[in-house]
Amino acid sequence: MYPIQRNRRLRANASLRALVQEFSLSPNDFIVPLFVIEGTQTKEEIPSMPGYYRMSIDLLSTHVKSLWSLGLKSVLLFVKVPNALKDNLGTEALNPEGLMQRAIKTVKEATPEMVVMTDVALDPYSSYGHDGIVEAGKIVNDSTIKVLSKIALSHAHAGADVVAPSDMMDGRILKIREELELANFTDTVIMSYSAKYASGFYGPFRDALDSAPGFGDKKTYQMDFRNRKEALIETQRDIEEGADIVMVKPGLAYLDIIRDLREEVAVPIAAYQVSGEYAMLKAAAEKGWLDHDQIMIEQLLSFKRAGASLIASYFAEAVVKLI
Ligand code: PBG
């Protein structure tokens, strides 16, 4: 009771505050998403993601070396596939010489200890821009997960350390795990996008990869943002099926879900601070309405406080330079 307890005592100066701080950010926390395109010496800024680029494979090599020198230890690869290579079955995703497979090898060569994570998904390869095979206007589950498991295997063959299915089909983790085990990829980690909501925050990402759905939306597979308990069901199921790391996505508007999962499951939880979250801060900072660096750190720290062990963030490089 006051004045015996004065809560301000431990806030009196920066040293005291540092001694009693509960959470902090370090390069070990981050996953750096990277957008890869065909071409050479090509770097294109994504209009709705100022300061973020798609880059060709040759540039990727120098870029990952610089990320590694900053202490960053993992990248998450996404590819922008030329339209001519897209079809309903995502055939190009299985090409051993495809853009993703070449990107994986490039990163592994440039920075052998960098943890290479890959997006396992159909949408960048789909002529419909959906995360599944389309039949009679519907996204079909069981034929999709067969293809996804082959894609994961192809990434493992190319050298991926972690495969990250981002589609939200039922049973895909088990299918991928079986496929990897059969081929003796017993150490390949599966990071499951286990609680991924159908969200408006993915807009800029779909610009980046030109992967917006051609018809309808993703609400028959991604989760309804009006629901909370469903996140636990989805996540527990994925762990039973063989996921090593689970994920909540988007991040900031779903901190309650991260906290729920932290209390219920024991595996590491990743938070994905998605493209729309990045775009919002960039836009507000551009207008001079918010202090970019202060808000960046405050938001990223909130993921740690909520219970995330890993954070996929387009701010990873910037924040690591700052801390
Ligand atoms: C699709 C995928 C999406 C993102 C990652 N993987 C978009 C979607 O589901 O439509 C979004 C990432 C972001 O917004 O930063 N497989």
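Refer to the structure presented above.
Thresholds applied
- Residues numbered from 1 in each chain as written.
- Predicted model: local features only at pLDDT ≥ 70, side-chain atom pairs only at ≥ 80, totals over all residues.
- Heavy atoms only, no water.
- 1 Å grid on protein atoms, 1.4 Å probe; cavity = no way out; pocket = protein on both sides within 12 Å on 5 of 7 lines; lining within 4 Å.
- Points joined across faces, edges and corners; volume = space filled by probe spheres on them.
- Helix = DSSP H or I, 4+ residues; strand = E, 2+ residues; numbered from the N terminus.
- Nonpolar A, V, L, I, M, F, W, Y, C, P; charged D, E, K, R; others polar.
- Near = heavy atom within 4 Å.
- Polar contact = N/O pair within 3.5 Å; in protein donor to acceptor, adjacent residues only side chain to side chain.
- Areas by Shrake-Rupley, 256 points an atom, 1.4 Å probe, with all protein chains shown as cover.

Asks: Outline empty space enclosed by the protein, listing residues and values.
Replies: Using the criterion set out here, one finds two cavities of 30 Å³ or more in the structure. Taken as a whole, the largest cavity encloses approximately 130 Å³ of empty space. Forming the walls of the largest cavity are 17 residues, and the residues nearest its centre are D123, K196, Y202, F205 and K249. When contributions to the lining of the largest cavity are tallied by element, the ones reaching two or more residues are β9 (189–196) and α6 (203–209). A breakdown of the residues in the lining of the largest cavity according to their chemical character gives seven nonpolar, three polar and seven charged. In this structure, the second largest cavity occupies an estimated 40 Å³ of space. For the second largest cavity, the full set of lining residues is E38, V81, P82, L85, E92, L99 and Y125. Here the residues of the lining of the second largest cavity sort into five nonpolar, no polar and two charged.

Asks: Tell me about the site of the ligand, and name the residues and values.
Replies: Surrounding the ligand, one finds 18 residues, the nearest of these being R206, K218, K249, S275 and Y314. Between S166 and the ligand, the recorded distance is 2.7 Å, taken from a side-chain N or O atom to a nitrogen atom. The side chain of R206 places a nitrogen or oxygen atom 2.7 Å from an oxygen atom of the ligand. Computed on the free molecule, the ligand has an accessible area of 400 Å², of which 100% lies beneath the protein chains in the complex.

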